[in-house]
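Listed below, chain by chain, are the residues.
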Amino acid sequence: MDDSMSGTVGSELPPRLAIVSGIPAGDSGTGRFVAHLASRIAQLGQGRIKIVAKPERPARWQFQLWLKSKNYGRIAREAVRYAQLISRFWIEAGLVLANPKRQLILLHPQNLGYDLALRLLESRSSPSLLYLLDSSFFCVASYNHLKGEAGPCLRCLELGFEQVAAQGCRPFPRPDPAGLDFAPRLRQLTTSGKVKIAAQNQRQAALAQRQFGLALTPPVVGLWTSDWDDIFGGASAAEGAPTAAPNFAWDVVFHGYGVDAKGANWTVQLAEQCPELRFMFPFAKPVSMAAPDNCSFLPCSWETGLSEELSRARFVAVPSLWSAPIEGALIKSIAAARATLVVDNATSYCDELPAGLVLKLPPDPATAAMRLRQAIEEDWVPDPDVKAAWKTAFSAIKARFVPDLLATV
């Protein structure tokens, strides 16, 4: 065991701990978090901790592509591979259920399946730990945002779960009907002491305290993912990049998925207010999205070109409209891009950032456009000392994240 881990956990590691996750190690944001968790857990050895992750089946578009190309062998191999993985998962999950004395950390109950998640939580002889990855602890849609609004939705938190039916909300990202009962039952388990909570950041912890009526704010343990090692270990992509306006390929590059909660449509509305500026989105234009001519849609991921596009942008936009905790897109953008803009949101992690690190735009797109133009005229960039201090402080999370998470069990 290295010194960075023994400082918090040391010989007090729980002797039998299962970490059950609805998402396996992989290329998604949560997948990269699980990958980092697994690599750090491996350093502990002695078989103390077991990670049980539900495998992801190949995406439908992959099967359609293989079918179109008549690659029947690939289809058969993937079907067999997934069947083996899911069979092993159910065996391992069953062993956790059959051993109620094994301590539990639960991750991403939506993909795990709400029924299984609740059975696991309710079966323990000691309190389980739920590490919060999103807003599913009070929002059936996981991203607490309603289409057409310019900020987070807190209706269920403030008015009660009757708002689910009133607003027509549905379980997301999986259409699991059991999701309608998950948050109310989780509140009962938490208030009765069967479940403990750990949060990524202070704003998320404050929401959890309100939701569960806790006397104390839940512990904040941060977050780290495997792909942040390079981001914080080397030079930023935009360091040394030219800053004169003619050299920018884009005025604004949107960094995130093309969904309302992430601010995709909000950014299109911002582009409509700024026809003289060039906006780039790293996904195919949705059929339902009406975008002006100054918006370009170039599907790419961080590894397939997005990091380079960020280095050619005046601003990178991560305008999440939900109560976003520590999002990978925001962390990468701040660390690697020339300048990052967000939507002012008092319930998200961006509200905890030091002044001068990101450009906060007002929620109204028309007002935000005026502020953006002003920032361009002023050639706004983050304060270099503030950015350097933030990078140093944030990178320190890596060493303590896993020990702090385990210490909360």
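Here, every reference points to the structure presented above.
Residues numbered from 1 in each chain as written. Predicted model: local features only at pLDDT ≥ 70, side-chain atom pairs only at ≥ 80, totals over all residues. Heavy atoms only, no water.

Student: Go over the pattern of salt bridges with me, naming the residues and quoting the values.
Tutor: This structure, assessed with the given rule, holds 18 salt bridges. With a shortest N-O distance of 3.5 Å, Asp227 and Arg32 are connected by a salt bridge. You can see Asp227 sitting in the loop between α10 (202-212) and α11 (228-233) and its partner Arg32 sitting in helix α2 (residues 29-42), a full 195 residues away along the chain. Comparing Asp227 with Arg32, the two get one shared label, buried. A salt bridge links Lys332 to Asp227; its shortest N-O distance comes to 2.6 Å. Of the two residues, Lys332 sits in helix α14 (residues 328-336) while Asp227 sits in the loop between α10 and α11, which places them 105 residues apart along the sequence. Take Lys332: its relative accessible area is 6%, and that puts it in the buried class. By relative accessible area, Asp227 is classed as buried at 17%. Connected via shared salt-bridge partners are Arg32, Asp227, Glu303 and Lys332. (Salt bridge = Lys/Arg side-chain N within 4 Å of Asp/Glu carboxyl O. Helix = DSSP H or I, 4+ residues; strand = E, 2+ residues; numbered from the N terminus. Buried < 20%, exposed > 50% of the residue type's maximum accessible area, 1.4 Å probe, protein only.)

Student: Outline the sheet that holds strand β1 (residues 17-21), supporting the account with residue identities and numerical values.
Tutor: Ordered by their spatial adjacency, five strands build an open sheet running β2-β1-β3-β4-β5, and the pairing between neighbours is parallel. The open sheet has two edge strands with one neighbour each: β2 (49-53) and β5 (195-198). Within the sheet, the average angular offset between the axes of one strand and its neighbour, ignoring direction, is 20°. Direction of pairing for strand β3 (residues 103-107) relative to strand β4 (residues 128-131): parallel, over a ladder of two bridges. Along β4, the bridge assignment pairs Ile105 with Leu129. Taken strand by strand, helix α4 (residues 72-98) contacts β1 and β2, and its axis lies near 130° from that of β2. Packed on one face of the sheet, helix α6 (residues 114-123) meets β1, β3, β4 and β5 and runs near 155° to β3. (Pairing = 2+ DSSP bridges. Axes fitted to C-alpha atoms, helices over the stretch in contact; angles between N-to-C directions. Contact = heavy atoms within 4.5 Å.)

Student: Describe the pairing of strand β10 (residues 340-343), with residues and values.
Tutor: Of the two faces of β10, the one lined by Thr340 and Val342 and the one lined by Leu341 and Val343 are each fully buried. The sheet contact formed by strand β9 (residues 313-317) and β10 spans two bridges and is parallel. Opposite Val316, over in β10, you have Thr340 as the bridge partner. For the segment spanning β9, α14 and β10, crossover handedness is right-handed. Relative to strand β11 (residues 359-361), β10 runs parallel, the two sharing three bridges. When the bridges of β11 are listed, Val342 appears paired with Lys360. (Right-handed = clockwise from strand over helix to strand, strands pointing away.)

Student: An account of unusual backbone geometry is needed here, citing residue identities and associated values.
Tutor: Going from Phe172 to Pro173, the amide bond is cis rather than trans, its omega being 10°. By the element assignment, Pro173 lies in the loop between α8 (163-167) and α9 (179-191). Its identity is not glycine, yet His108 carries a phi of approximately 50°, on the positive side. For His108, the location among the structural elements is in the loop between β3 and α5 (109-112). Look at His108 and you get buried, because its relative accessible area is 8%. You will see that Asp379, though not glycine, has its phi angle at about 55°, which is positive. Within the secondary structure layout, Asp379 lies in the loop between α15 (365-377) and α16 (384-395).

Student: Describe in detail the packing of α2 against helix α17 (residues 397-407), supporting the description with residues and values.
Tutor: Relative orientation of the contacting elements α2 and α17 amounts to 80°, with a least axis distance of 11 Å. Classed by the angle they form, the pair α2 and α17 counts as roughly perpendicular. Taking contact as the criterion, the partners of Phe33, His36, Leu37, Arg40 and Ile41 in α2 are, on α17, Lys398, Ala399, Phe401, Val402, Leu405 and Leu406. By residue class, the composition of the contact of α2 with α17 is eight nonpolar, one polar and two charged. (Parallel < 35°, antiparallel > 145°, perpendicular 65-115°, else oblique. Nonpolar A, V, L, I, M, F, W, Y, C, P; charged D, E, K, R; others polar.)

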